[in-house]
Amino acid sequence: MEPVDTRDDSMDSAGLSPWQLGMRRFRKGRLGVIAFWVVFFFVFVAIFAPIIVRLLNVDPYALDRNSINDFGLPKGPLGSMSWNHPLGVEPGTGRDILGRLIYGTRISLLIGAVGTLLSTGVGVILGMVAGLRRGWIDSFISRIGDVALAFPSLLLIIALANPMTQRLESWGVPRGNTAKLTYILAILTIFGWVYMARLVRGQVLSLRERDFVEAARSFGAGTCHLVFKQLLPNLWPQIIIFVAMSLPGYVALEATLSFLGVGLQAPTASWGIMLGDSVRYYRTDTAYLFIPGGALLLLVLGFNLLADGLRDAFDPRSDRQQL
Amino acid sequence: MKRNRIIAAIATAAILISACGGSGNGTTSGEESGGRSATADGIKDGGTLYVLTFQEGASNLDPQRVYTGAELGAYGSTYARTLTSYVPAAGKDGAGVEPDMATDLGTHSDDLKTWSFTLRDGVTWEDGTDVTCGDIAYGISRTFAAEVTAGEGPMYATTYLDIPEGDSDFGSAYPGPWLATADQQALFDKAVACDGKTITFSLKVPVADFAYTVSLLAFGPVPKAQDTADQYALKPFSNGPFKIESYEPGKEMVMVRNENWNPESDPVRKPHVDKIIWQYGLDEAVIDERMLADSGDDKNAIVYGGIQAENLQTVFGDDSLKDRRTDGFDGFVSYTMFNNETVNCIEVRQAIWLGLDREALRTAAGGPFTGEFAKSFVAPLLATDYAPAKLVDGLNEDGTPNLEAAKAALEKAKTSCPDVYAKATGDGLRFDHPDSDAWKKNIAIWIDSMKAVGVTIIDNPIEPSKYYATINGDRGDIMRSGWAADWANASTVIPELFGKGGGFNYTNNESDPNFAAFDEKVQSAKAETDRAKQATLWKELNQTIIDNVWAIPGSATKSQNLVGSNVRLGYQWLPFGWYNLGAIGLAG
């Protein structure tokens, strides 16, 4: 890709950075913008969850015995949806599903965001080092990456969940969810950095031969200058697209792990825990099944479309019909 | 001992022998016995009966190693005959024993330490050879072989039989038939002596109901020539109306009729079907779905594992299923243990009990169908030893929390035991529980209702399969558990759960000043030969436990089942909490 793209539209693009150019194009794609607002909505909900929950008067942890019958099933139709419980109540306890969904957003986005941040950070640094230093360091980092990719990661995550969480606890990480979160994030980083690192390495290998880098070097620019002033500005678009594309994967992975019982532990509300619980009630409380599933679908779809929109905007070679 | 199925994920149920007399509890309508499916209406002999289960296989097929209530009943009624057997009948009649391979219920000496039984004529193995007294003695001797039976089955042979103590794995001088020297074998042969068709047991303790003991499959015969040691669990030799044609864990087991079973020799079993096929490893939700649909072969199916709580409303809200469903106590009492060493403050324990929302816990499990609030650690079905205890003052009958009383108790703790009070209201008490689906919700209820009292709960979920092994070493402040007697005697409950050296006493109650007197009484109750006096002692001891709040009784739990529409004689067999498998017939 061109470091600065000048082929584009009729608009006056002189003096605009690739970032500004990309954003201008992104704003023109309607689907991408809608996706952005969907994602923004979820992020907003996650950040202000306690306030929203209080405003809507839906406590995710309060038990409501009156909305469930003697069998523990919701009394009303559609999982007992009502003004008090807009999305109904959880079978067994009568806890509000909307409240739990809102709090679950926090967990999902926290794991998604921190997981992506860590793996991207590690990936960029290692990719940069490999691309700039080349030689044995490059081979070493690349081989480690190959090994990490060769692991059956999901299997490993599940198999190691209990022993590793215990190990973390014995190392002084607070018991329970803190240890479980640490484990999940650590393992996501360990297996997640490789793709980012490969991408950055490839880009750096090609960029470093470019005239503007050569020029900077001939003026005696140090590594720091090269990295921060010459290389990174040209890498940002790719990094952002990559982040937007891997985030939904991590969000879905949280749900998968909690569903399989190696994620976070109850009574914390998480979408995966809700999904796992709701499956048991598919016959008696079908509405419940669709709520966490629907939310997950919406968020992951939002991120994917956002990533698509960003890619279309920042990669001029993708010549797609903008919606 | 028996583990709760919710914990062990194995459907275990109890052997309960209730001397008749109503317990005044439970549903006693026709529904409990299963309506039409419990009668013999229109049975046509023949056909194939299916057993659907989520289990990956039999918990064990080796008679000396089976200890799961439902399976003891299922295997005993099909391929493993014993000296005595439970009466094949619905309701309380099923709790008595009658002679099976033996001609009578045995004769005993005055001191109840010598018991002898005489074998019937015509009792044969599946190859047509006679079942001999030696086969029975050999079978029992296998219990002592730790390397083969691994202590999985009941251990009454080692605790009752008059064999000196020694240094083999179970503390006996006899190490089982494989490792025994001639001298050691002689010790066993003296305790279990054969004279023609008469087998005589010498016991080191008086046992009044030994006729019940020998109904356990662990006291059943094994032909030495067929014994494949630990491999015997894959293909046990049959002496009953069915034999095992094939057994593939994770897939299925096929039981077919044993032509060499002689009906005249067997007053207990009246088989109807030709074949029984166990289908293993099915998804529980799929099982419920198939049973409700009731189509094809599923009309001839029964379920091992019960109805899932979330489907109870569907099953019990639909009158068209009236003839196909059963509901009854399974013999278990669930309870919550305190670590009385760390929570050594009765006021705090009382506050927790008073403030606990037991009603919400029961509703989360599926409501009143899942059990009744227990008033004793002894199940109501153990009628002789059961008496509802006087519970803590102020406890709400309907299971809802009494916050005022709970807070008042906690207030008292502030002065009487400030350390425990500070811990309970500050850092919090660690609650150990198996990390099961049910407990993901239960713990929320615990945390919520304790918060209302002012007590902090630290959640500590433990992988279900490692739960008991874990709390055996590292105990929290509060732990959950469940128990069923495997005997008509609370001696299999109170000493085990609360006595000194009780195999399953996790309560650390030895540190309580009231423990010494309690345990002394436990020891005298164990040695009491007058059954009525003994029952009084058990009731008093149960009251002592409750007065000291060493643990909180939860629910006397129930189980529900649904059978296919062609199934007949599918009654819940009281001693085992499941069907009398071998007696089931098919209509149409």
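Structure: see above.
This section reports on the structure supplied with the text. Because the structure is a prediction, the values reported are computed rather than measured.

What follows concerns a nonpolar patch on the surface. Residues and elements named next belong to chain A. On the surface, F36, W37, F40, V43, F44, I47, F48, I51 and L55 cluster together to form a nonpolar patch covering roughly 900 Å² of accessible area. Those elements giving two or more residues to the nonpolar patch turn out to be α2 (30-47) and α3 (49-56). No other element matches the 6 residues that α2 contributes to the nonpolar patch. Position of F44 relative to the elements: it lies in helix α2. Given the relative accessible area of 38%, F44 is considered partly exposed.

This part is about the state of the cysteines. Residue and element names in this part refer to chain B. Scanning the entire structure with this criterion turns up 2 disulfides over all chains. Between the sulfur atoms of C133 and its disulfide mate C194 the distance is 1.9 Å. Across the S-S bond linking C133 and C194, the dihedral sits near -90°, which makes this disulfide left-handed. Placement of C133 in helix α4 (residues 133-142) and of C194 in strand β6 (residues 192-195) is noted, with a sequence separation of 61 residues between them. We classify C133 as buried; its relative accessible area is 4%. C194 gets classed as partly exposed once you look at its relative accessible area, which sits at 39%. Each sulfur in the disulfide pair C345 and C417 lies 1.9 Å from the other. With the S-S dihedral at roughly 40°, the linkage between C345 and C417 falls on the right-handed side. In this pair, C345 sits in the loop between β12 (325-338) and α11 (346-355) while C417 sits in the loop between α13 (403-416) and α14 (418-425), placing the two residues 72 residues apart along the sequence. The class for C345 is buried, based on a relative accessible area of 1%.

On to the packing of helix α6 (residues 135-150) of chain A against helix α8 (residues 177-207) of chain A, then. All names here are of chain A. The N-to-C vectors of α6 and α8 enclose an angle of 135°; their axes lie 9 Å apart at closest approach. Viewed along their axes, α6 and α8 adopt a mutual orientation that is oblique. In terms of crossing hand, the pair formed by α6 and α8 is left-handed. From α6, D138, I141, S142, I144, G145, D146, A148 and L149 reach across to α8, where they touch I190, F191, W193, V194, Y195, R198 and R201.

Residues and elements named next belong to chain B. In this structure the tally under the stated criterion is 46 aromatic pairs over all chains. Between F201 and F219 the ring centres are 6.5 Å apart and the planes differ by 65°, which places this aromatic pair in the edge-to-face class. Highlighted residues: F201 in strand β7 (residues 198-202) and F219 in the loop between α8 (210-213) and β8 (242-248), separated in sequence by 18 residues. Taken individually, F201 and F219 each receive the classification buried, so the pair is uniform in this respect. Look at F316 and F369: their rings are 4.3 Å apart centre to centre, the planes differ by 40°, and that puts the pair in the tilted class. Pair noted here: F316 is in helix α10 (residues 312-316) and F369 is in the loop between α12 (358-365) and β13 (371-373), with a separation of 53 residues, a long-range link. An identical accessibility class is assigned to F316 and F369; each is buried. Among the aromatic residues, those joined into a ring-pair cluster are Y75, Y79, Y247, W278, Y280, Y304, W578 and Y579. Cation over ring: K558 sits above F329, and NZ or CZ is 5.5 Å from the ring centre.

On to the sheet that holds strand β9 (residues 252-257) of chain B, then. All names here are of chain B. The sheet built from 5 strands is open, its strands ordered β8-β9-β10-β1-β11 with mixed pairing. If you trace the sheet from one side to the other, it starts and ends with β8 and β11 (301-304), each paired once. On average, adjacent strands in this sheet sit at an angle of 20° to one another, irrespective of strand direction. In the sheet, strand β1 (residues 48-53) pairs with β11 via 4 bridges, with the strands oriented parallel. Counterpart to Y50 in the pairing with β11 is A301.

Note on strand geometry: in a regular strand, side chains alternate between the two faces of the sheet. Residue and element names in this part refer to chain B. Sheet topology places β1 next to strand β10 (residues 275-279); 5 bridges connect them, and they run parallel. Its bridge partner being in β10, T48 is matched across the sheet by K275. Where β9 lies against β10, 5 bridges are found, and the strand directions are antiparallel. Looking across to β10, one finds that M255 is bridged to I276.

All names here are of chain B. The biggest cluster of nonpolar side chains holds 77 residues, and the ones touching the most others in it are Y75, L161, F201 and W278. If you tally residues by element for this core, the top one is α4, at 5 residues. Every residue in contact with Y75, bar those within four places of it in the chain, is listed here: A58, N60, L61, V66, A80, L217, M253, M255 and W278. Ranked by size, the runner-up nonpolar core spans 69 residues in total, among them F431, A525, A551 and I552.

To continue, consider empty space enclosed by the protein. All names here are of chain B. Summed over the entire model, instances satisfying the criterion amount to 8 cavities of 30 Å³ or more. Quantified by volume, the largest cavity comes out at close to 190 Å³. Along the walls of the largest cavity sit 21 residues, with G76, S77, S85, R269 and W573 positioned nearest its centre. Broken down by class, the residue content of the lining of the largest cavity amounts to 11 nonpolar, 8 polar and 2 charged.

Residue and element names in this part refer to chain B. With 18 residues, helix α19 (residues 531-548) extends 26 Å from end C-alpha to end C-alpha; this agrees with the ideal 26 Å at 1.5 Å per step. Residues Q534, A535, L537, W538, L541, N542, I545, I546 and N548 constitute the buried set of α19. Considering only its buried residues, α19 is in contact with α11, α17 (494-498), α18 (515-527) and β17 (551-562). The backbone nitrogen of A532 has a side-chain oxygen 3.0 Å away, supplied by the residue at the start of α19, namely D530. At the C-terminal side of α19, V549 shows a positive phi close to 50°.

Another point: the sheet that holds β6(B). Residues and elements named next belong to chain B. With respect to topology, 4 strands assemble into an open sheet ordered β4-β5-β7-β6, the strand pairing being antiparallel. Because the sheet does not close on itself, it has two edges, and the strands there are β4 (107-108) and β6. Relative to β7, strand β5 (residues 114-118) runs antiparallel, the two being bridged by 5 bridges. Residue T118 lies in a different strand from β7, and its bridge partner there is T198. This element, helix α7 (residues 182-191), spans β6 and β7 of the sheet and lies at about 70° to β6.

What counts as what
- Residues numbered from 1 in each chain as written.
- Chains lettered and ligands numbered in written order.
- Predicted model: local features only at pLDDT ≥ 70, side-chain atom pairs only at ≥ 80, totals over all residues.
- Heavy atoms only, no water.
- Patch = residues over 30% accessible without salt bridge, like charges linked within 9 Å, V, L, I, M, F, W, Y side chains within 5 Å.
- Areas by Shrake-Rupley, 256 points an atom, 1.4 Å probe, with all protein chains shown as cover.
- Salt bridge = Lys/Arg side-chain N within 4 Å of Asp/Glu carboxyl O.
- Helix = DSSP H or I, 4+ residues; strand = E, 2+ residues; numbered from the N terminus.
- Buried < 20%, exposed > 50% of the residue type's maximum accessible area, 1.4 Å probe, protein only.
- Disulfide = S-S within 2.5 Å.
- Axes fitted to C-alpha atoms, helices over the stretch in contact; angles between N-to-C directions.
- Parallel < 35°, antiparallel > 145°, perpendicular 65-115°, else oblique.
- Left-handed = near helix turned anticlockwise from the far one by under 90°.
- Contact = heavy atoms within 4.5 Å.
- Phe/Tyr/Trp six-rings, centres within 6.5 Å; stacked < 30°, edge-to-face > 60°.
- Lys NZ or Arg CZ within 6 Å of the ring centre and 35° of its normal.
- Pairing = 2+ DSSP bridges.
- Core = buried A, V, L, I, M, F, W, Y, C linked by side-chain atoms within 4.5 Å.
- 1 Å grid on protein atoms, 1.4 Å probe; cavity = no way out; pocket = protein on both sides within 12 Å on 5 of 7 lines; lining within 4 Å.
- Points joined across faces, edges and corners; volume = space filled by probe spheres on them.
- Nonpolar A, V, L, I, M, F, W, Y, C, P; charged D, E, K, R; others polar.
- Expected span 1.5 Å × (residues − 1).
- Polar contact = N/O pair within 3.5 Å; in protein donor to acceptor, adjacent residues only side chain to side chain.

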